[in-house]
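# Architecture and fold: a report
Now for the letters of each chain:
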Amino acid sequence: MTQDVAMKEPQAPSNSVSSSSPSTLHHLKEIVSLIETGAYAREVRRIVRAVRLTMALRRKLKSSVISAFLNFTLSPGSEVHTRISSYLPKDDEHEMDVDTATSATQAPVKHSLPELEIYSYLLVLIFLIDQKKYNEAKVCASASIARLKNLNRRTIDVLASRLYFYYSLTYELTGELAEIRGTLLALHRIATLRHDELGQETLLNLLLRNYLHYNLYDQAEKLRSKAPRFEAHSNQQFCRYLFYLGKIRTIQLEYTDAKESLLQAARKAPIAALGFRVQCIKWAIIVRLLLGEIPERTVFMQKGMEKALRPYFELTNAVRIGDLELFRSVADKFSNTFNSDRTHNLIVRLRHNVIRTGLRNISISYSRISLADVAKKLRLDSPNPVADAESIVSKAIRDGAIDATLDHKNGWMVSKETGDIYSTNEPQTAFDTRIAFCLNLHNEAVRALRFPPNSHKEKESAEKRRERQQQEQELAKHIAEEDDDDF
Amino acid sequence: MDPKLTEVSQLFERFKAAFVRKDFDTCTNLLSQLKVLLTGFRSLPPLFEDTPNAVHELTIARDIYEHAVVLSVKIEDQDAFERDFFQLKPYYTDARNRIPPSPQEYPILGLNLLRLLVQNRIAEFHTELELLSSTALENPCIKHAVELEQSFMEGAYNRVLSARQTVPHETYVYFMDLLAKTVRYGYS
């Protein structure tokens, strides 16, 4: 950045441009000043705010505005400026000429900060993605990542983590996600070495996404279990992490843990992230079905989700009734949806649960039923239904799904009478799990509260100072009195 | 032609001859020599360098590991199977667009699924399953293993036992026998 010291900055962007969209450019300038103060005062909080403000401006960005902005922040003619502005589409050549022409009347100003350079990259990248110019965006993103590797400033971390995100997004949109895996891993390593926790969080999620995109659950789990964990910095990243974790655990048959993380992800996600929440809920529904639970009707009737959850609602219905035929037809009917959600293999796993539910219904309704009837009611289509039914029933009994005995000689299934459930420990354990859940929720809510840094400490120290001064005064008085006594 | 490659091909021919003769001791010896020679090629995983003979080398290496997997089944060594399979896997996944697909791919993947089932490693079984495309799932070898897992979960053990008669590949018999043993044990 030393060469930039000598470089000049334009006094002001050309009038023609600024008059066409004064508000956007004005906002951008405000953001720049925010970043500048943040960078000088080393306050990461300000930069976070700058990024958030940028997202609000996203829709209003225009090529002319950005080029004017680049002229304002970076010195035109400098290496950085030419490099970044080369990524902008050239459809408004004329306007850009005007800009450079007016900026000939320069005034010597301070050198630009690396934060501003990275911010310019981010702005151009967002603009290119919004304009669907993915190939240009890819070039721009790669260049910015190369630049980032050489910068080590804590104030850049926030901007960098956004850049990583868009970098991965451009490659995903062009379908070349596998290519950047090595780069992402290298970046994650760099972030870990620099103690850039936000960067680590973002990159870990991007890597998980990358692996899961190709169904590489094994590698994803290995990375996840080995990567360092710490208190989450960003709620969005934490939600994503929980979602990926839930997916991995579902595939690896750890349904209880999977359900917990998926539900937590859905709950923590911001209201605006509808697509994300729908995805979370879809997976959570399947996991709950696999666990043998039936999700409540309200889950499917949430605002804006009814349509997306319709296939899953019908599926749940089939599982609830325990009808294999209906289950099969639903699975066929919505096979396209399930394939695009990549839940098809999980639904195949559900077949087993359908049989279980059906069997439980039978065992409740009949005190004694022949195995041939069981096979007919379950609609097992196999050459030897009675033998199948026999082994299925025996396994269900062994796993404790139904309370019954098998009469092999006569080919009967005899259900045991179910006693009064309130005389057992069942209600107690149910209450226990609910109370534990509520307490846990409360604890997490308390932990998630955010306090402005140091304000608590300062207040205390002020109080302490007063106390200390008081004590000192008393001591002094005491000594004085003692002195008096001596005389 | 590269002398190293010629040496490997000759050795591999001898290996195949011994394999046909069912002389498994010689096979094991030759295999370890072959594996050492393979480390000399720079085009193989994990380096994947673009050497002039890359396609040929990759194909022969894949062929060798495929034979190694089948050999481990024949000598009933499950640990060797796991080792060889993991060495073979990059050729199916990472080298997919470098060399034409192998006709042995699906039988061997199915065999691996069966092994996971026999060793009761269901989580890994499902992880592997996610990697397979829908066309792969239609393949009889893979389908066999998938259906077995389902019957296993449902408890339709007689279907598991009868599936031994319908094995799609001769090497499957070994694992099916093991599975039948497990089933009988679980049944009683």
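The text that follows walks through the structure, step by step, so that each part is easy to find. (Residues numbered from 1 in each chain as written. Chains lettered and ligands numbered in written order. Predicted model: local features only at pLDDT ≥ 70, side-chain atom pairs only at ≥ 80, totals over all residues. Heavy atoms only, no water.)

With that settled, the discussion passes to the overall build of chain A. Helix and strand counts for chain A come out as 25 helices and five strands. The proportion of buried residues among the 487 residues of chain A is 45%. By element, 53% of the accessible surface of chain A is carried by carbon and sulfur atoms, the whole surface being about 26200 Å². (Helix = DSSP H or I, 4+ residues; strand = E, 2+ residues; numbered from the N terminus. Buried < 20%, exposed > 50% of the residue type's maximum accessible area, 1.4 Å probe, protein only. Areas by Shrake-Rupley, 256 points an atom, 1.4 Å probe, with all protein chains shown as cover.)

We now examine the overall build of chain B. A count of helices and strands for chain B gives 10 helices and zero strands. In chain B, of all internal contacts separated by at least 6 residues, the share reaching a separation of at least 24 is 61%. Roughly 9200 Å² of accessible area belongs to chain B as shown, and the carbon and sulfur atoms make up 54% of that amount. (Contact = heavy atoms within 4.5 Å.)

It is characteristic of soluble globular proteins that their nonpolar side chains tend to be buried jointly. Residues and elements named next belong to chain A. Counting 129 residues, the largest nonpolar core has Leu28 and Val124 as the members making the most contacts within it. The element that contributes the greatest number of residues to this core is helix α8 (residues 114–130), accounting for 12 residues. Contact partners of Val124, with chain neighbours within four places excluded, come to Ile66, Leu70, Ile84, Tyr87, Leu88 and Cys140. (Core = buried A, V, L, I, M, F, W, Y, C linked by side-chain atoms within 4.5 Å.)

A few words now on unusual backbone geometry. Negative phi characterises most residues that are not glycine, and trans characterises most peptide bonds. One non-glycine residue, Leu253(A), lies in positive phi territory at about 65 degrees. Residue classification places Leu253(A) among the partly exposed positions, given a relative accessible area of 25%.

This part covers the pairing of strand β5 (residues 412–415) of chain A. Residue and element names in this part refer to chain A. Burial along β5 is one-sided: the face carrying Met413 and Ser415 is buried and the face carrying Trp412 and Val414 is not. Here strand β3 (residues 368–370) pairs with β5 via three bridges, running antiparallel. Its bridge partner lying in β5, Ile369 is registered against Met413. The antiparallel pairing of strand β4 (residues 404–407) with β5 creates a hairpin that spans four residues between the two strands, and Gly411 there sits at a positive phi of about 70 degrees. (Pairing = 2+ DSSP bridges.)

Further remarks concern the side chain of Arg349(A). By the element assignment, Arg349(A) lies in helix α21 (residues 344–365). Within the buried core, Arg349(A) has no salt-bridge partner, and the shortest N-O distance to an opposite charge, that of Glu130(B), equals 4.8 Å. Among the polar contacts listed, one links the side chain of Arg349(A) to the side chain of Tyr255(A), at a separation of 2.8 Å. There is a polar contact of 3.1 Å between the side chain of Arg349(A) and the side chain of His126(B). The contact partners of Arg349(A), leaving out residues within four places of it in the chain, are Thr250(A), Ile251(A), Leu253(A), Tyr255(A), Leu290(A) and His126(B). (Lys, Arg positive; Asp, Glu negative; His and termini not counted. Salt bridge = Lys/Arg side-chain N within 4 Å of Asp/Glu carboxyl O. Polar contact = N/O pair within 3.5 Å; in protein donor to acceptor, adjacent residues only side chain to side chain.)

Quick look at the interface of chain A and chain B now. The interface of chain A with chain B comprises 22 residues on the first partner and 19 residues on the second. Looking only at chain A, the three residues that lose the most surface to chain B are Asn345(A), Ser391(A) and Lys395(A), adding up to 24% of its buried area. Inspection of the region where chain A meets chain B yields zero salt bridges. For the pair chain A and chain B, the interface holds three residue pairs in polar contact (both at pLDDT 80 or more). (Buried area = accessible area lost by both parts, 1.4 Å probe.)

This part is about the packing of aromatic side chains. Counted according to the given criterion, the structure contains 15 aromatic pairs over all chains. Taking the centre distance of 5.9 Å and the plane angle of 40 degrees together, the rings of Tyr65(B) and Tyr91(B) count as tilted. Pair noted here: Tyr65(B) is in helix α3 (residues 54–74) and Tyr91(B) is in helix α4 (residues 78–93), with a separation of 26 residues, a long-range link. Of the two residues, Tyr65(B) and Tyr91(B), both sit in the buried class. Aromatic rings pair up to connect Phe81(B), Phe85(B), Phe86(B), Tyr174(B) and Phe175(B) into one cluster. Over the aromatic face of Tyr171(A) sits the side chain of Lys138(A), whose NZ or CZ is 5.4 Å from the ring centroid. Its end group placed over the ring of Trp412(A), Arg368(A) keeps NZ or CZ at 4.1 Å from the ring centre. (Phe/Tyr/Trp six-rings, centres within 6.5 Å; stacked < 30°, edge-to-face > 60°. Lys NZ or Arg CZ within 6 Å of the ring centre and 35° of its normal.)

With that settled, the discussion passes to the pattern of salt bridges. Residues and elements named next belong to chain B. Applying the stated criterion across every chain, the model contains 20 salt bridges over all chains. Taking the shortest distance from any N to any O, the salt bridge between Lys89 and Glu128 comes out at 2.9 Å. One end of the pair, Lys89, is in helix α4; the other, Glu128, is in helix α6 (residues 122–130), with 39 residues separating them in the sequence. Given the relative accessible area of 13%, Glu128 is considered buried.

Another point: helix α10 (residues 157–173) of chain A. Note: α-helices contain 3.6 residues per turn, so residues at a spacing of three or four share the same orientation. Here α10(A) contains 17 residues, and its C-alpha end-to-end distance of 24 Å stays within 8% of the 24 Å for a straight helix at 1.5 Å per residue. Looking one or two residues past α10(A), Gly175(A) carries a phi angle of roughly 70 degrees, positive in sign. (Expected span 1.5 Å × (residues − 1).)

In this section: the pairing of β4(A). Residues and elements named next belong to chain A. Where burial is concerned, the two faces of β4 differ: the one with Ala404 and Leu406 is buried and the one with Thr405 and Asp407 is not. Summarising the sheet, β4 and β5 pair through four bridges and their orientation is antiparallel. What sits directly across from Asp407, in β5, is Trp412.

Without other data, these values stay purely geometric and don't point to any function.
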